[in-house]
Amino acid sequence: LSIVLSFPLDCCQQFVDSMTSLPEAELVEITCSPCGSRAVEAFFDSAAPSTSKKKLATVFDRHLEDMCFLPGPSFVLQKAFSFADASTRESYAQKLAHHRSALAGCRHGPHILRACGAEEYAADPKGWSEKQKRKTNQLKSFAKDFGNGTSLF
């Protein structure tokens, strides 16, 4: 499935549709399995529409506290965080910050805390939000100036 999702969207549209139409419980179960987490991670790397990726990011937000302690889904959560909208990102950071002491003891914990900015959020939630807004605006400006993922050459 990882290889199939690397093809252009017109070649893998059925897989994208099936991934987004999975019941929430099944999607979380798949993401928590070692092989399934690789497929879901490939979904976030694929040419799937950003709306589909945001939908999955929102689903994972509702189950974040269960998933963040497992090593497989932690990589998926990092990918989902990058595609989430501002309120979902803040929810990720808030929930991870709440569990930061427990996550610090996990092998993958410090990495997900750093990737989602949970430590920064715990120290200064308002500053974290402002930084995320600036980051989003910079990415939008870059996409406007240089294209949205299209090659310049």
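Above this note sits the structure.
Only a predicted model underlies this, so the values are computations on that prediction, with no experimental measurement involved. (Residues numbered from 1 in each chain as written. Predicted model: local features only at pLDDT ≥ 70, side-chain atom pairs only at ≥ 80, totals over all residues. Heavy atoms only, no water.)

Enquirer: Explain the overall build of the protein chain to me, and be specific about the residues and the numbers.
Expert: Of the regular secondary structure elements, the protein chain holds 11 helices and 0 strands. In the protein chain, the succession of α and β elements from N to C terminus is α-α-α-α-α-α-α-α-α-α-α. Radius of gyration (C-alpha) of the protein chain: 16 Å, near the 15 Å computed for a compact globule of 153 residues. When its C-alpha atoms are laid out on the principal axes, the protein chain stretches across 45 × 40 × 25 Å. Sequence-distant contacts in the protein chain: of pairs separated by 6 or more residues, those separated by 24 or more amount to 60%. (Helix = DSSP H or I, 4+ residues; strand = E, 2+ residues; numbered from the N terminus. Rg over C-alpha atoms; globule rule 2.2 N^0.38 Å. Contact = heavy atoms within 4.5 Å.)

Enquirer: Give me the lowdown on the environment of glutamate 29, citing residues and values where you can.
Expert: Positionally, glutamate 29 belongs in helix 2 (residues 24-32). When the C-alpha atoms of glutamate 29 and tyrosine 92 are compared, they prove to be 19 Å apart, with 63 residues separating the residues in sequence.

Enquirer: Describe the packing of aromatic side chains, with residues and values.
Expert: Going through the model one piece at a time under the given rule, you end up with 6 aromatic pairs. Considering the side-chain rings of phenylalanine 44 and phenylalanine 60, the 6.3 Å spacing of their centres and the 55° angle between planes classify their relative orientation as tilted. You can see phenylalanine 44 sitting in helix 3 (residues 34-45) and its partner phenylalanine 60 sitting in helix 4 (residues 50-62), a full 16 residues away along the chain. In this structure, phenylalanine 44 and phenylalanine 60 share a single accessibility class: buried. (Phe/Tyr/Trp six-rings, centres within 6.5 Å; stacked < 30°, edge-to-face > 60°. Buried < 20%, exposed > 50% of the residue type's maximum accessible area, 1.4 Å probe, protein only.)

Enquirer: Got a sec to walk through the pattern of salt bridges? Specific residues and values, please.
Expert: Per the counting criterion, the structure on display carries 6 salt bridges. A salt bridge links arginine 100 to glutamate 119, with the nearest nitrogen and oxygen atoms 3.8 Å apart. Of this pair, arginine 100 sits in helix 8 (residues 100-104) while glutamate 119 sits in helix 10 (residues 118-123), placing them 19 residues apart in sequence. The salt bridge involving lysine 131 is made with glutamate 120; its shortest N-O contact spans 3.1 Å. Linking lysine 131 in helix 11 (residues 125-146) with glutamate 120 in helix 10, this pair joins segments that are 11 residues apart in sequence. Glutamate 120 sits in the partly exposed class, given a relative accessible area of 39%. (Salt bridge = Lys/Arg side-chain N within 4 Å of Asp/Glu carboxyl O.)

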